[in-house]
Amino acid sequence: MRTSAHARWKRSEPPGDDERTLKELGYTQQLHRRMGAFGNFSASLSVISIMSGALLLFGYGLNSGGPAVVVWGWLAVGPLVLCLAAALAEITSRYPTSGGLYYMARRLGGERWSWYTGWLNLLGLLGGIAAQDYGIATFTAAWANLQFGYVPTPGSLLVMYAVILALHAVLNLFGSRLMNVLTSLSAWWHLAGAVVIIGALALVPSHHQPAGFVFTEFTNNTGWSSPVYVILLGMLLPCFALAGYDTSAHLSEETSGASVAAARGIIRSVAVSWIAGGILLIVLLFAVQDYAATLGSETGVPVAQIFLDALGLATAKALLLVIIVAQFLCGYAVTASASRMIYAFARDGALPGSARWRKVSRRTAVPANAVRLAVVVAFVLALPSLYSAAAFSAVTAISVVGFTPAYAIPVLLRLRHPDRFTPGPWHLGRWSRPIGWAAVLWAAGASLLFLLPQSSPVTATSFNYTPVALLVALGMAALWWRFGRRSYGVPRSTTTNAHDQVEEAKNIT
């Protein structure tokens, strides 16, 4: 008889079982398993990063609905993301591999589902690197503006962005021991930093906005006339800020007790980020001194202007540094997650030049070529920022549109084919199906929403090129499926179900 999710929550799997579980799934241990449960949770918490995603799109939220949409959108979207995270955590507990989502899709739906899930997940991760690291560049430029009077240009931001990408690549080449240290440090830095910022904004300013402003003020600077459409556009902030929790799955082959630790890392990272991020956003809104000045800040970052107006120059610069360090640690973790996805996908022959990208360093047990590929593609994704002011929000939308359906596909397949799924040590029990369907419906709506134009009139500079990026990624996937699919093969599990046997027979014939 299956036990409840609560009872399973506290179970742990002996480290010796990890290699056996991985072998049952068709793989041999190549990466070093030096990460504990807290490190795995910390990695996802770092990628979600309330001081990155939520603050990077804070100005976008103020323009696309204003304070009311920022607050209520965050509160509304959080439970829906938790449903998707919980449904995904349940499947991760059964399939704790670096491949994560695409491996789940292969076991539950077949190779074609697996193929496109992997490409969507890869698009989300690479878009996530671009969005996070470009955001770090903008916050660093804001700090330099306060410190030196520096005025950023698109070209100088791109150079700064390239330097940040290079630093993340270098740090990721050092191996899982450093990763465990940095992700654990990141978790504490994020939580402590949030407490410091919340405390400063709550206690220091002599003036705070009334509750009516924070919870009911609606602002529309998008150019669209429909309030409903503007409110929906404002959902990009929480959708982007609460994404990236699949990192726990991608790092499962480097985590001890992964069948429980990775699942728990997914759900806990979302829950903690939703609560802490909501408090941070509300406190920021109460501390706004001049709404127009915040949106038109010379720093280019509304959060920096709030700090400056409410706390003074010295404190503003100090808090910006706290945020920049948190964002840098976040970008490091996103790069690690993307490189493990590339490594796993190439290991199964799904990428052009897979033999190169699946190589693992003998000294550090790191897929070094995969790390390099991740940062190079992320750099290319940000090139439109040279000519389009809307490029940054488009890159974040690319990340959401890649992540969200990739998260939902394994959940949908698990719901459609319950006979193909045997729950792992962590599961939802009787809540599995209702939570799963809520997650799938939400993911479908969110994915469609962010393909739509974000500002009006639609011009070359305001165009949302997310559909273009999505079509390019899917086009490459379709082309490579036609010509390169013979090299693709997810290993057969030693606990193969009837569906897997049929799929294997198809492959043989």
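So, how was this worked out
- Residues numbered from 1 in each chain as written.
- Predicted model: local features only at pLDDT ≥ 70, side-chain atom pairs only at ≥ 80, totals over all residues.
- Heavy atoms only, no water.
- Salt bridge = Lys/Arg side-chain N within 4 Å of Asp/Glu carboxyl O.
- Helix = DSSP H or I, 4+ residues; strand = E, 2+ residues; numbered from the N terminus.
- Buried < 20%, exposed > 50% of the residue type's maximum accessible area, 1.4 Å probe, protein only.
- Axes fitted to C-alpha atoms, helices over the stretch in contact; angles between N-to-C directions.
- Left-handed = near helix turned anticlockwise from the far one by under 90°.
- Contact = heavy atoms within 4.5 Å.
- Nonpolar A, V, L, I, M, F, W, Y, C, P; charged D, E, K, R; others polar.
- Parallel < 35°, antiparallel > 145°, perpendicular 65-115°, else oblique.
- Polar contact = N/O pair within 3.5 Å; in protein donor to acceptor, adjacent residues only side chain to side chain.
- Core = buried A, V, L, I, M, F, W, Y, C linked by side-chain atoms within 4.5 Å.
- Expected span 1.5 Å × (residues − 1).
- pLDDT = per-residue confidence, 0-100.
- Phe/Tyr/Trp six-rings, centres within 6.5 Å; stacked < 30°, edge-to-face > 60°.
- Lys NZ or Arg CZ within 6 Å of the ring centre and 35° of its normal.

A. The pattern of salt bridges, seen in detail. For the coordinates displayed, the defined rule picks out five salt bridges. In this structure, the salt-bridge partner of R33 is D18, at a minimum N-O distance of 3.9 Å. Of the two residues, R33 is situated in the loop between helix 2 (15-24) and helix 3 (37-56) and D18 in helix 2; the sequence distance between them amounts to 15 residues. In terms of burial, R33 and D18 fall into one category: buried. Its salt-bridge partner being R347, residue E253 comes within 3.0 Å of it at the nearest N-O pair. With E253 in the loop between helix 13 (247-250) and helix 14 (258-286) and R347 in helix 17 (residues 313-347), this residue pair connects regions lying 94 residues apart in the sequence. For R347, a relative accessible area of 16% translates into the label buried.

B. The packing of helix 17 against helix 19 (residues 368-381), seen in detail. As a packed pair, helix 17 and helix 19 sit with axes 8 Å apart at the nearest point and diverge in direction by 115°. The chirality of how helix 17 crosses helix 19 is right-handed. Between helix 17 and helix 19, the contacting residues are T335, A338, S339, I342 and Y343 on the first element and A370, V371, L373, A374 and V375 on the second. For the contact of helix 17 with helix 19, a count of residues per class yields eight nonpolar, two polar and no charged.

C. Quick peek at helix 6 (residues 101-109). Most of helix 6 sits inside the fold, with nine of its nine residues counted as buried. Buried within helix 6 are the following residues: L101, Y102, Y103, M104, A105, R106, R107, L108 and G109.

D. Spatial organisation of the packing of helix 5 (residues 66-94) against helix 21 (residues 432-449). At a closest axis distance of 8 Å, the pairing of helix 5 and helix 21 adopts a crossing angle of 120°. Taken as axis vectors, helix 5 and helix 21 run oblique relative to one another. In this structure, helix 5 meets helix 21 at a crossing whose hand is left-handed. When helix 5 is examined against helix 21, the residues V77, L80, V81, C83, L84, A86, A87 and E90 are found in contact with a partner set consisting of S432, I435, G436, A438, A439, W442 and A443. Of the residues in the contact of helix 5 with helix 21, the class split is 12 nonpolar, two polar and one charged.

E. Fine view of the side chain of N145. Mapped onto the secondary structure, N145 falls in helix 7 (residues 111-148). Overall, N145 belongs to the buried group, its relative accessible area being 13%. Discounting residues that sit within four places of it in the chain, N145 has contacts with Y150, V151, E298 and T299.

F. Summary view of the side chain of H190. Summarising the element assignment, H190 is placed in helix 9 (residues 176-203). Overall, the relative accessible area of 2% leaves H190 in the buried class. Only 2.7 Å separates the side chain of H190 from the side chain of S49, close enough to count as a polar contact. Not counting chain neighbours up to four residues away, the residues in contact with H190 comprise S46, S49, I50, M51 and A326.

G. Quick look at the nonpolar core. L201, Y245, F307 and F450 are the most contacted members of the largest nonpolar core, which totals 159 residues. Residue contacts for Y245: discarding those within four places in its chain leaves S44, I48, V81, L84, A85, L88, I266, S269, V270 and Y407. In this structure, M35, M179, L251 and L329 belong to the second largest nonpolar core, which totals eight residues.

H. Here's a closer look at helix 14. Look at helix 14: 41 Å from first C-alpha to last across 29 residues, which is about the 42 Å you get at 1.5 Å a residue. Of all 29 residues in helix 14, 21 are buried, a share of seventy percent or more.

I. Quick peek at the confidence of the model for the protein chain. Per-residue confidence for the protein chain gives a mean pLDDT of 86, with 92% of residues at or over 70. Looking over the protein chain, one finds the lowest element-wise mean pLDDT in helix 1 (residues 5-9), namely 38, and the highest in helix 10 (residues 211-216), namely 96. Residue range residues 1-13 is modelled with pLDDT below 50. Its contacts to residues more than four positions away, or to other chains, number 23 contacts.

J. Representation of the packing of aromatic side chains in the model. Counted under the stated rule, the structure contains 17 aromatic pairs. Geometrically, the ring pair formed by Y102 and F345 is tilted, given 4.7 Å between the ring centres and 55° between the ring planes. With Y102 in helix 6 and F345 in helix 17, this residue pair connects regions lying 243 residues apart in the sequence. Neither residue differs from the other here; Y102 and F345 are each classed as buried. Each ring, one from Y134 and one from Y161, has its centre 5.7 Å from the other, and the planes form 65°; the classification is edge-to-face. Separated by 27 residues along the polypeptide, Y134 in helix 7 and Y161 in helix 8 (residues 154-172) bring together distant segments of the chain. Of the two residues, Y134 and Y161, neither departs from the other in class, the shared state being buried. Three or more aromatic residues link up through ring pairs in this structure, and these residues are Y27, Y95, Y103 and F421. The lysine or arginine in question, R347, covers the ring of Y27, its NZ or CZ lying 3.8 Å from the ring centre. The residue whose ring lies beneath R482 is F483, and the NZ or CZ to ring-centre distance is 5.8 Å.

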